[in-house]
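Results of the structural survey
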Amino acid sequence: MSEDQAALLAALRLQLDWGADEALAEAPPGIAPRAAAPALTGTAPTTAAPTGGTPTGGTAATPALRPVPPATQAAASLAAGARNLSELRQAMQEFAASPLRETATQLVFADGVAGAPIMLVGEAPGADEDRQGKPFVGASGQLLDRMLASIGLARGPQVYITNILPWRPPGNRTPTDAEMQLFLPFVLRHIQLAQPALIVLLGGTAAKTLLAAKEGITRLRGRWHQVTIGDAQVMPALATLHPAYLLRSPAAKKDAWHDWLLLHRHITENTITAKSGQTDSRH
Ligand code: URA
């Protein structure tokens, strides 16, 4: 089966998952019939306001005027010292300030191709990811792949994926605020080194951490925000529902579909394309 056929089948399967049980038109609402997969062949990150909504929100990634705990300072200095993604991975591997490192099996760094124009940020590895060392390989990863395929995307040169936490929290518990803040410098440096054109925040943990937001994901999702990376670079970021939440609450898939269509429209209108000379981070 060709890649196009596989993507079409995945899109069809996802339609069933979304709850579609009857076809009234050739294409789902909001997407052009026979829309070609967005051509993904290379642009620099844009600081322009994305289409499909004015960027909003909080954007400073670093909490203002709060004392920074020493472990977070250590994380920030290690992250800043990493000159490339392999050094960053090494720095994260060696960073011993979090007890999560003791209970997890291995570091989960990223999947896809570094330099891909779309960077997804999830929450933390679960049991499958902890075993395999790659983000989103379990049930929520499978749904994520189908959602990506429904708008013509796949992890690889188009899509790069990481998490806020690189270590699995025991029992898959939700990360604490302290853990999110501790790993934030690594995530920001990761984005800075990977240089995507835009970020997709999967779920409340990613949205809250990278947008420094107080609101929950149901208020943040479905619109574009801005994330400030380093001193000055501002990157468009779309917040959406986490696939694990969609597995538990299938009725919310219609909201997620709206969000993925926003992403599709932004990619198409801005001709966001995959860059050449990327490094494949799959392992
Ligand atoms: N959920 C996440 O947020 N990340 C993963 O890698 C897997 C599940």
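So, here is what we can say about the structure in this document.

The rules behind these values
- Residues numbered from 1 in each chain as written.
- Predicted model: local features only at pLDDT ≥ 70, side-chain atom pairs only at ≥ 80, totals over all residues.
- Heavy atoms only, no water.
- Buried < 20%, exposed > 50% of the residue type's maximum accessible area, 1.4 Å probe, protein only.
- Helix = DSSP H or I, 4+ residues; strand = E, 2+ residues; numbered from the N terminus.
- Pairing = 2+ DSSP bridges.
- Near = heavy atom within 4 Å.
- Polar contact = N/O pair within 3.5 Å; in protein donor to acceptor, adjacent residues only side chain to side chain.
- Areas by Shrake-Rupley, 256 points an atom, 1.4 Å probe, with all protein chains shown as cover.
- Nonpolar A, V, L, I, M, F, W, Y, C, P; charged D, E, K, R; others polar.
- Salt bridge = Lys/Arg side-chain N within 4 Å of Asp/Glu carboxyl O.
- Expected span 1.5 Å × (residues − 1).
- Core = buried A, V, L, I, M, F, W, Y, C linked by side-chain atoms within 4.5 Å.
- Lys, Arg positive; Asp, Glu negative; His and termini not counted.
- Contact = heavy atoms within 4.5 Å.

Okay, the pairing of strand S2 (residues 118-122) next. Taking burial as the measure, the five residues of S2 include five buried ones, the bulk of the element. Both faces of S2 are covered, namely the face carrying Ile118, Leu120 and Gly122 and the face carrying Met119 and Val121. Where S2 meets strand S3 (residues 159-163), five bridges bridge the pair, whose relative direction is parallel. Residue pairing across strands places Met119 opposite Tyr160, the latter belonging to S3. Of the strand pairs in this sheet, S2 and strand S4 (residues 198-202) are connected by four bridges, and their pairing is parallel.

With that settled, consider the site of the ligand. Every residue close to the ligand is listed here: Gly122, Glu123, Ala124, Glu129, Pro135, Phe136, Ser140, Asn163 and His242. Between the ligand and the protein, one listed contact pairs a nitrogen atom with a backbone N or O atom of Ala124 at 3.0 Å. Between an oxygen atom of the ligand and a side-chain N or O atom of His242, the distance comes to 2.7 Å. When isolated, the ligand has an accessible area of 240 Å², and the protein chains bury 93% of it. Partitioned by chemical class, the residues of the shell around the ligand number three nonpolar, four polar and two charged.

This model, assessed by the stated rule, comprises nine salt bridges. Measuring nitrogen to oxygen at the nearest pair gives 3.0 Å for the salt bridge that ties Asp111 to Arg155. A residue pair is termed long-range when its members are at least 10 positions apart, and Asp111 in strand S1 (residues 111-114) and Arg155 in the loop between helix H6 (139-150) and S3 qualify at 44 residues. Residue classification places Asp111 among the buried residues on the basis of a relative accessible area of 2%. Residue Arg223 pairs with Glu215 through a salt bridge whose shortest N-O separation is 3.9 Å. Of the residues examined, Glu215 reaches a relative accessible area of 36% and is grouped as partly exposed. Salt bridges here are not isolated pairs; linked through shared partners, they connect Asp111, Asp145 and Arg155.

Since there are 3.6 residues in each turn of an α-helix, residues three or four apart along the chain are aligned in direction. Between its first and last C-alpha, H6 extends 17 Å over 12 residues, near the 16 Å set by a 1.5 Å rise per residue. Within the sequence span of H6, burial applies to Ser140, Gly141, Leu143, Leu144, Met147, Leu148, Ala149 and Ser150. Looking one or two residues beyond H6, the residue adopting positive phi is Gly152, at roughly 80°.

Another aspect to go through is the nonpolar core. Counting residues in each nonpolar core, the largest one holds 74 residues, and the members touching the most others are Leu201, Leu210, Trp260 and Leu263. In terms of residue count, helix H7 (residues 177-194) provides more of this core than any other element does, nine residues in total.

Our next topic: the side chain of Glu129. Considering the arrangement of structural elements, one finds Glu129 in helix H5 (residues 127-132). As a buried residue without a salt bridge, Glu129 has its nearest oppositely charged side chain in Arg168, at a separation of 7.0 Å. Look past the residues within four positions of Glu129 in its chain and what remains in contact with it is Val108, Lys134, Pro135, Phe136, Val137 and Gly138.

Glu129 sits in the buried class, given a relative accessible area of 7%. In this structure, the C-alpha to C-alpha distance between Glu129 and Arg168, residues 39 residues apart in sequence, is 8.0 Å. Among the polar contacts listed, one links the side chain of Glu129 to the backbone nitrogen of Gly126, at a separation of 2.9 Å. Within the local environment of Glu129, its side chain forms a polar contact with the backbone nitrogen of Val137, the two atoms lying 3.0 Å apart.

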